[in-house]
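# Survey of secondary and tertiary structure
Residues per chain, in single letters:
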Amino acid sequence: MDRVSSFDEPLKTLLGGATAKVMAEHLDLHTVGDLLHHYPRRYEERGKLTALADLPLDEHVTVLAQVADARILMFNNGRGKRLEVTLTDGSGRLQLVFFGHGVHKPHKELLPGRQAMFAGKVSVFNRKMQLAHPTYQLLDASGADEATEAVDAFAGRLLPIYPACKQLDSWRIAKAVDAVLPSAQDAVDPLPASLREGRGFTPLPEALLKVHRPKTKADVEDARARLKWDEAFVLQVALARRRYADTQLPAVARRPVADGLLDAFDAKLPFTLTEGQEKVSREIFDDLATEHPMHRLLQGEVGSGKTMVALRAMLTVVDAGGQAAMLAPTEVLAQQHHRSITEMMGELAEGGMLGGSDRGTKVVLLTGSMGMAARRQALLDLVTGEAGIVIGTHALIEDKVQFHDLGLVVVDEQHRFGVEQRDALRSKGKQPPHLLVMTATPIPRTVAMTVFGDLETSVLDQLPAGRSPIASHVVPAKDKPHFLARAWERVREEVENGHQAYVVCPRIGDDAEEADGKKGKAAKKAPAEASEEDPEKRPPLAVLEIAEELREGVLAGLSVEVLHGRMHPDEKDDVMRRFAAGDVDVLVATTVIEVGVNVPNATAMVIMDADRFGVSQLHQLRGRVGRGSAPGLCLLVSEAHEASPARARLSAVAATLDGFELSRIDLEQRREGDVLGQAQSGVRSSLRMLTVIDDEEVIAAAREEAVAVVAADPELEHLPELRTVLAALLDKDREEYLDKG
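The structure reproduced in this document is the subject of the present report.

### A look at the overall build of the protein
Tallying secondary structure elements over the protein gives 29 helices and 21 strands in all. Going through the 741 residues of the protein one by one, you find that 53% of them count as buried. Put simply, 73% of the contacts in the protein that link residues at least 6 apart link residues at least 24 apart. When the accessible area of the protein is evaluated, it comes to approximately 33400 Å², of which 51% is carbon and sulfur surface.

Here's what the structure looks like:
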């Protein structure tokens, strides 16, 4: 068998069809290589043999004992079966219990007088110590030496505990690993020899043996250090190759023009840019001036002025004869961006119109719900080049949208767009346009390096002058109902002081939702009293219901309006306009207001069922208040129990306004799966050993090595093993998917 094919061998040839089927369906393990890379989650120490008299509760123990008696008991009117075995070792007695189908084998083997070793977790049932479903190994009484050897091997070993599933426990996975472990010798080593030797890494076959069957804790450390490096390095090589390929693409350099649109815009700004905005703008202008496409991630705190930086980049491109497109994830946000950009630009946004500036350009909006006439005009303005700037939703990606000369694409809230959508927009340029990706969810540096490794990163962490601090508090509605009453009083006080407020709910609560969503089903089934006992049992609070309650109750007399995704776009726009104009006191909304909505006069936000939102989402929502000169207030209302993880999450949000700190907390709670999400899905095998939040140094070092390797040998001609491992990680479709990044 050659070196590659043993890893590619289907599991069913070695393990049998039934086990292989469970592994494929429930654990996504299909080949020998997949199983060898299914690493133990932790290791149990069977530890020194424990006398029955000294058993510690709730710990994993190993005992050497003799079977005193065994009996099968029936329960549940004869439908259930239980095997109870009593052990003795001279110091005390212990009961073992096996249930259901698990009784047959031990019933045959654990006969009175037999000696064996038993390992399991000690629990108490009916005031008696017991081990439920322990693993055991019978000791043949024929040779005392053999028995002693078996005791040592069994008791002294580190027991690997594998990520398992209901259909296949860790013990059976360990047995399957034993069957494929000889193939570890055929592992293709992705690390270049110089790197491996220079860093003193264990050879890969040895690392695989040590991680699955360690003799000591040092074995585990050795193996983990090596396998983490492999994951980080291979992923960083894939990203480095993408970055290198991008530098080989041609693009039109878009250099700033003196006395153009940008200078005119800067001259009329009523404030000075922050140092951070100046610095990031310079980085972007330098990229735009090169003849290969810019790929930059602009991440910044809520309200740090990312839109201003993006707009200045767009104006530079228009000055240089090109067009710029801004892609927003929702219609509300596209309309908001269009409104704020045309307001900031004033007469400069009315190029070719009466009263417009002779240096101006046209700024058009393009969304799916526009009327035919407005849409036709917008399309015409784009194809003729009359419109230098277009802001839209994914409607911009449609085939019939043609540009005169697309030079820059700005994507707002990257995580809401698939790679294919970004690619479709980029393909509308005569040559690949420059790309600026913005996100208001601050990303820890390691995640940025791992997920957006193909993008250069700029960070805005300074708030512009004039932005006010936001006070955040958790309101425990269930434990202290008077706190909630006070929250509504605070909202009324803000309105009486001439300000406005948001109330955010997780659900809309309309008929369409009731009919088609799981939440709707929950809403119909959940009895009203369930909410008294367990907030999780009731459906999340809904916009339409809460708005009605507020109008008729605690906020009677105030102007209360709703905003949610199922409203007609004209209706949404009308509500937002009236709220922005100060005609609406309280806006009860879903998370459609999460990003980009800018109403400086809104100072208070009450988030209902706040525990139903993620950390980053809460931070985003909170960023909608405190945008003017008056301080902001954010109240996180929750019925979650004080000791619950949900409450801990809310307390963390209330305790800091630092988005980067919160994103770390978020990542620690959710781990990588959710965070890497779509951006990582070009990679077939997700991270198994590496945790991006804990292994910052490994990722940074692997990135440096990967960049050096790719610079010296872009096609990896001299590193066939690395090429083989990359090919296994990225099949053809996925490679293309990554290339589109």
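Past the structure itself, the notes keep going.
### Re helix α3 (residues 17–27)
Within the sequence span of α3, burial applies to T19, A20, V22, M23 and L27. Down the axis of α3, the buried side of the element spans an arc of 160°, and every buried residue falls inside it. When the buried face of α3 is taken as reference, the exposed residues oriented beyond 90 degrees from it are A18, K21 and E25. After α3 finishes, the residue D28 shows a positive phi value of roughly 60°.

### As for the environment of R243
Following the sequence through the fold, R243 ends up in helix α10 (residues 217–248). For the pair R243 and E456, spaced 213 residues apart in the sequence, the C-alpha separation amounts to 9.2 Å.

### Notes on the pattern of salt bridges
Here the structure, examined in full by the defined rule, presents 34 salt bridges. Across the salt bridge formed by E705 and R199, the nearest N and O atoms sit 3.3 Å from each other. One end of the pair, E705, is in helix α27 (residues 696–712); the other, R199, is in the loop between α8 (193–198) and α9 (204–212), with 506 residues separating them in the sequence. We classify E705 as partly exposed; its relative accessible area is 23%. Judged by its relative accessible area of 39%, R199 is partly exposed. The shortest N-O distance in the salt bridge between R254 and D405 comes to 3.0 Å. Of this pair, R254 sits in the loop between α10 and α11 (261–267) while D405 sits in the loop between β12 (387–392) and β13 (406–412), and the two are 151 residues apart along the sequence. The class of R254 is buried, set by a relative accessible area of 3%. For D405, a relative accessible area of 18% gives the class buried.

### Notes on unusual backbone geometry
For D259, which is not glycine, the phi dihedral falls at a positive 55°. In this fold, D259 is placed in the loop between α10 and α11. Assessed through its relative accessible area of 59%, D259 is described here as exposed. Of note, the phi angle at D609 is positive, near 50°, even though the residue is not glycine.

Here is what the cut-offs are and how they apply
- Residues numbered from 1 in each chain as written.
- Predicted model: local features only at pLDDT ≥ 70, side-chain atom pairs only at ≥ 80, totals over all residues.
- Heavy atoms only, no water.
- Helix = DSSP H or I, 4+ residues; strand = E, 2+ residues; numbered from the N terminus.
- Buried < 20%, exposed > 50% of the residue type's maximum accessible area, 1.4 Å probe, protein only.
- Contact = heavy atoms within 4.5 Å.
- Areas by Shrake-Rupley, 256 points an atom, 1.4 Å probe, with all protein chains shown as cover.
- Arc of directions from axis to C-beta.
- Salt bridge = Lys/Arg side-chain N within 4 Å of Asp/Glu carboxyl O.

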